[in-house]
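As a plain string of letters, each chain reads:
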Amino acid sequence: MNSPLRKKLLGLLFAFFLCVISQAIQPVQSYASLPDELQVFAGRQADVRLAVPASSSAVVDRPDIVGLDGQEQAVHVTKQHPLHLHPQQTGQAKLTLKLWGKIPVKTVNVNVIPDLRVVPGGQTIGVKVKSAGILVVGHHLVRAEGDQRVSPGETAGIKLGDLITHMNGKRLDGVAGVAEAVEQAGKSKKGIDVVLQRGKETVKTRLTPAYDAEDQAWRLGLYIRDSAAGVGTLTFYAPDQGVYGALGHVITDMNTQTSIVVGSGQIVQSNVTSISKSESGDPGEKRAHFLKESKILGNIERNTAFGIFGKMSDNPDHSLYTKGIPVAFSHEVKEGPAEILTVVDGQQVERFAIDIVHVADQSEPATKGLVLRITDPKLLDKTGGIVQGMSGSPIVQNGKLIGAVTHVFVNDPKSGYGCFIEWMLQDAGVMIKKEKAKNLKAG
């Protein structure tokens, strides 16, 4: 065989080899994008879409737990036809995906959990929260002897956002206990042993009060706060567990922007009196007040990145639902039409149309799970888009609760972010977190 012909044949073989490799790599990459673990609800079909350009198949080791279109044998999978999972009962099964029906390229642990239904909220609520200590929100200078200006707190290394939990070994329940400790320390010329939380770190320091010649009182040179109040929206009530979730985002102190560690708190009925419309660069707000006869709806036990959570014994008044509806996992949420539930006048919850324009791929809890856009003419006319106080408004798509409104785009108030309901349910203790589920199985 002459040299030119040999080169031509080698070139054709190389091209053929590249084609084969590319055909193999694309489906493998598609499989690799799937999570290692998938949660589904018992009794509800779940669809898994695979962008596979090559012939593929799927098989499960426990068809009594997860069925594949009613078949126990391998099921053919194509790009046009998603894989239909039929969870039969709670438990765990292994789903194996095979390229060309022969080469195992991905195994997914399918965790079937009990069916879950919760009641969507939408009610405007008043939020009253007391921190688990005294929050430092600022420093101020005290005019001490000799006209010297000092801030004892700053000198002791106390920073904005620190949470003071103990003084001289006694736990602080409110700002009232601080004044007594400061006066005693000042008169006895002794410092105060202080314990504080700075993020996850526990810090100890000694704080010596200074006598303010102007006010004729002992001062710490600190601005402090032990409570906060505001308005938000109830996201869901879980009747079987007797808990609720609201807001969809963490409560932070307005001065320090640090998250408030909850000591105690309540959510109460609230009445929307008016709305300041949102405009580009100027997000509006719901104006509401707590009714004097307001019923306490629940307590506040936790303040997390996904909202506030606590106990609730009854479905609140003005709910659009008398029974729970299904919830969706994050991987079930799709771009397209949906609706939010919220109040724009008084206490009546209403439905408003939106479009979900982007869905983030989140296999683990993270904020900003989806981007939504208000399309309802009535809501746009009333509010201009998303306003403050609307955070926590439940998002419903195809009859399932999928998430909650969390933030507005300041320069485009018709649009904003939402979080997936899955993460809120985990923080509420309604749905077991994946890490805990793994530990339970291992044990």
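As the structure is a computational prediction, the values presented were derived from the model and not from experiment. (Residues numbered from 1 in each chain as written. Predicted model: local features only at pLDDT ≥ 70, side-chain atom pairs only at ≥ 80, totals over all residues. Heavy atoms only, no water.)

Trainee: Honestly, empty space enclosed by the protein in this entry has me stumped. Any pointers?
Mentor: Space left empty within the atom packing is revealed by a probe, the size of a water molecule, rolled over the atoms. As enumerated under the stated definition, the model contains three cavities of 30 Å³ or more in all. Estimated volume of the largest cavity: approximately 80 Å³. Lining the largest cavity, in full, are Gln123, Thr124, Gln269, Ser270, Leu297, Pro316, Asp317, His318, Val343 and Gln347. Tallied by class, residues from the lining of the largest cavity come to three nonpolar, six polar and one charged. Taken as a whole, the second largest cavity holds about 50 Å³ of empty space. If you trace the second largest cavity, you find it lined by Gln39, Val40, Phe41, Arg44, Gln45, Ala46, Phe329, His331 and Glu332. Considering every element that reaches the lining of the second largest cavity, the biggest residue donor is strand E1 (residues 37–41), with three residues. Within the lining of the second largest cavity, the residues separate by chemical class into four nonpolar, three polar and two charged. (1 Å grid on protein atoms, 1.4 Å probe; cavity = no way out; pocket = protein on both sides within 12 Å on 5 of 7 lines; lining within 4 Å. Points joined across faces, edges and corners; volume = space filled by probe spheres on them. Nonpolar A, V, L, I, M, F, W, Y, C, P; charged D, E, K, R; others polar. Helix = DSSP H or I, 4+ residues; strand = E, 2+ residues; numbered from the N terminus.)

Trainee: Even after reading the chapter, I still don't get the sheet that holds strand E31 (residues 400–409), so can you show me in this structure?
Mentor: Whenever strands of a sheet pair, they do so through backbone hydrogen bonds, lying parallel or antiparallel. Overall, antiparallel pairing links the six strands, which are arranged E27-E28-E29-E32-E31-E30 in a closed barrel. Ignoring which end each strand starts from, the neighbouring axes of this sheet average 45 degrees apart. Bridge analysis of strand E29 (residues 370–374) against strand E32 (residues 412–420) gives four bridges, and the strand direction is antiparallel. Bridged to Leu372 within E32 is Gly416. The strands touched by helix H5 (residues 421–428) within the sheet are E31 and E32, with E32 carrying the most contacts at an inclination of about 50 degrees. (Pairing = 2+ DSSP bridges. Axes fitted to C-alpha atoms, helices over the stretch in contact; angles between N-to-C directions. Contact = heavy atoms within 4.5 Å.)

Trainee: Looking at this model, I keep getting lost on the pattern of salt bridges. Mind explaining?
Mentor: Side chains that differ in charge, positive against negative, can pair when their charged atoms come close. With the rule as written, the count across this model stands at 14 salt bridges. The partner of Asp115 in a salt bridge is Arg117, with the nearest N and O atoms 3.4 Å apart. The exposure class of Asp115 is partly exposed, given its relative accessible area of 35%. Between Arg225 and Asp253 there is a salt bridge, with the nearest N and O atoms lying 2.2 Å from each other. Of this pair, Arg225 sits in strand E19 (residues 222–238) while Asp253 sits in the loop between strand E20 (243–247) and strand E21 (262–276), and the two are 28 residues apart along the sequence. (Salt bridge = Lys/Arg side-chain N within 4 Å of Asp/Glu carboxyl O. Buried < 20%, exposed > 50% of the residue type's maximum accessible area, 1.4 Å probe, protein only.)

Trainee: Before we go on, may I ask you to explain the sheet that holds strand E3 (residues 56–60) in this structure?
Mentor: Overall, mixed pairing links the five strands, which are arranged E1-E8-E7-E3-E5 in an open sheet. Each edge of the open sheet is held by one strand with a lone partner, namely E1 and strand E5 (75–77). Direction aside, neighbouring strands of the sheet carry axes that sit 30 degrees apart on average.

Trainee: Just to check I follow, could you spell out the side chain of Ser131 for this structure?
Mentor: Locating Ser131 in the fold gives a position in strand E10 (residues 124–139). Within the structure, Ser131 has its side chain in polar contact with the backbone oxygen of Gly133 (distance 2.7 Å). Apart from residues lying up to four places away in sequence, Ser131 is in contact with Leu163, Arg225, Asp226, Ile260, Val261, Val262 and Gly263. (Polar contact = N/O pair within 3.5 Å; in protein donor to acceptor, adjacent residues only side chain to side chain.)

Trainee: For this particular structure, what's the right way to read the nonpolar core?
Mentor: Across soluble globular proteins, you tend to see nonpolar side chains buried next to one another. Ranked by internal contacts, the top residues of the largest apolar core, which has 67 residues, are Phe236, Ile267, Ile308, Ile340, Ile356, Ile395 and Leu425. Apart from the residues within four sequence positions on either side, Ile267 is in contact with Ile125, Gly126, Val127, Leu234, Tyr244, Lys295, Ile296, Leu297, Gly298, Ile300, Ile308 and Met312. Counting residues in hydrophobic clusters, the runner-up holds 21 residues, among them Val60, Val77, Val108 and Val112. (Core = buried A, V, L, I, M, F, W, Y, C linked by side-chain atoms within 4.5 Å.)

Trainee: Got a minute to help me understand helix H3 (residues 176–187) in this structure?
Mentor: Owing to its 3.6 residues per turn, the α-helix brings residues three or four apart onto one side. The terminal C-alpha atoms of H3 lie 18 Å apart, and with 12 residues this matches the ideal 16 Å at 1.5 Å per residue to within 8%. Burial in H3 covers these residues: Val178, Ala181, Val182, Ala185 and Gly186. Seen end-on, H3 carries its buried residues on one side only, within an arc spanning 130 degrees. Turned more than 90 degrees off the buried face of H3, the exposed positions are Ala176, Ala179, Glu180, Gln184 and Lys187. Phi for Lys189, located one or two positions after H3, is positive at around 60 degrees. (Expected span 1.5 Å × (residues − 1). Arc of directions from axis to C-beta.)

Trainee: So what exactly am I meant to see when it comes to the layout of surface pockets here?
Mentor: When its volume is computed, the largest pocket comes out at roughly 850 Å³. Forming the boundary of the largest pocket are 32 residues, of which Gly230, Val231, His249, Thr252 and Gln388 lie nearest the centre. Among the elements that take part in the lining of the largest pocket, E19 stands out by supplying six residues, more than any other. Looking at side-chain class alone, the lining of the largest pocket contains 17 nonpolar, 10 polar and five charged residues.

Trainee: It is not clear to me how the confidence of the model for the chain should be interpreted in this structure. Could you clarify?
Mentor: Low-pLDDT stretches of the model should not have their predicted coordinates read in fine detail. When pLDDT is averaged along the chain, the result is 86; 87% of the residues meet or exceed 70. Throughout residues 437–443 the model reports pLDDT below 50, and contacts reaching past four residues in sequence, or to other chains, amount to seven contacts. (pLDDT = per-residue confidence, 0-100.)

Trainee: Would you explain the packing of aromatic side chains in this entry?
Mentor: To describe a pair of aromatic rings, you give the distance between the ring centres and the angle between the ring planes. All told, the structure shown has three aromatic pairs when counted by the stated rule. Arranged with centres 4.4 Å apart and planes meeting at 15 degrees, the rings of Phe41 and Phe329 form a pair that is stacked. Highlighted residues: Phe41 in strand E1 and Phe329 in the loop between strand E26 (325–326) and strand E27 (336–343), separated in sequence by 288 residues. Summarising the aromatic geometry, the rings of Phe409 and Tyr417 are spaced 4.9 Å apart at their centres and angled 75 degrees between planes, so their arrangement reads as edge-to-face. (Phe/Tyr/Trp six-rings, centres within 6.5 Å; stacked < 30°, edge-to-face > 60°.)

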